[in-house]
Amino acid sequence: MALTATQRKHLEARLLEERTRVADALARYDRATRETLQQESGDLSAFHVHLADQGTDTADQELDAVNAARETRPDEYGRCERSGKPIPFERLDLVPWARTCD
């Protein structure tokens, strides 16, 4: 069964809430990690100059690119990637970013 306009609005609000929550948590983690690493290492700069740091940054960028490439188009939201069937509203309400029925 296709999602109603009301259900879509509800799920859109849930996704936006989750995005804000995750972005805030990542920002707190980033601040705490940066401060801790600088204190432990004694570095006066927050710039990465180590090859391992550059490798991690490159891997993160590649992962971001892969995730951006697999983003669901808005007209496919709520449709299972495996079966093509509609994902039940109850599942999407619990996990709004669900991409499969199970």
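Residues numbered from 1 in each chain as written. Predicted model: local features only at pLDDT ≥ 70, side-chain atom pairs only at ≥ 80, totals over all residues. Heavy atoms only, no water.

Visitor: Outline the pattern of salt bridges, supporting the account with residue identities and numerical values.
Guide: Evaluated as defined, the whole model comprises 4 salt bridges. Where R14 meets D93, a salt bridge forms, and the shortest distance between an N and an O atom there is 3.6 Å. Note that R14 is positioned in helix 1 (residues 5–41) and D93 in helix 3 (residues 89–94), a separation of 79 residues in sequence. The partner of R82 in a salt bridge is D102, with the nearest N and O atoms 3.5 Å apart. Linking R82 in the loop between helix 2 (51–69) and helix 3 with D102 in the segment after helix 3, this pair joins segments that are 20 residues apart in sequence. The exposure class of D102 is exposed, given its relative accessible area of 64%. (Salt bridge = Lys/Arg side-chain N within 4 Å of Asp/Glu carboxyl O. Helix = DSSP H or I, 4+ residues; strand = E, 2+ residues; numbered from the N terminus. Buried < 20%, exposed > 50% of the residue type's maximum accessible area, 1.4 Å probe, protein only.)

Visitor: Outline the nonpolar core, listing residues and values.
Guide: Side chains of nonpolar character tend, in soluble globular proteins, to be buried together. Formed by L3, L11, Y77, C80, I87, L92 and A98, the largest nonpolar core amounts to 7 residues. Residues within four places of L92 in sequence aside, it is in contact with L3, L11, Y77, G78, I87 and A98. (Core = buried A, V, L, I, M, F, W, Y, C linked by side-chain atoms within 4.5 Å. Contact = heavy atoms within 4.5 Å.)

Visitor: Which residues make up the state of the cysteines, and what values do they have?
Guide: Tallied over the entire structure, the rule returns 0 disulfides. C80 forms no disulfide, and the closest cysteine sulfur to it belongs to C101, at a distance of 3.7 Å. Accessibility expressed as a relative area gives 5% for C80, which makes it buried. Using a relative accessible area of 28% as the deciding quantity, one classes C101 as partly exposed. (Disulfide = S-S within 2.5 Å.)

Visitor: Which residues make up the confidence of the model for the protein, and what values go with them?
Guide: Here the protein averages 81 in pLDDT, while 77% of its residues score no lower than 70. Looking over the protein, one finds the lowest element-wise mean pLDDT in helix 2, namely 73, and the highest in helix 3, namely 96. (pLDDT = per-residue confidence, 0-100.)

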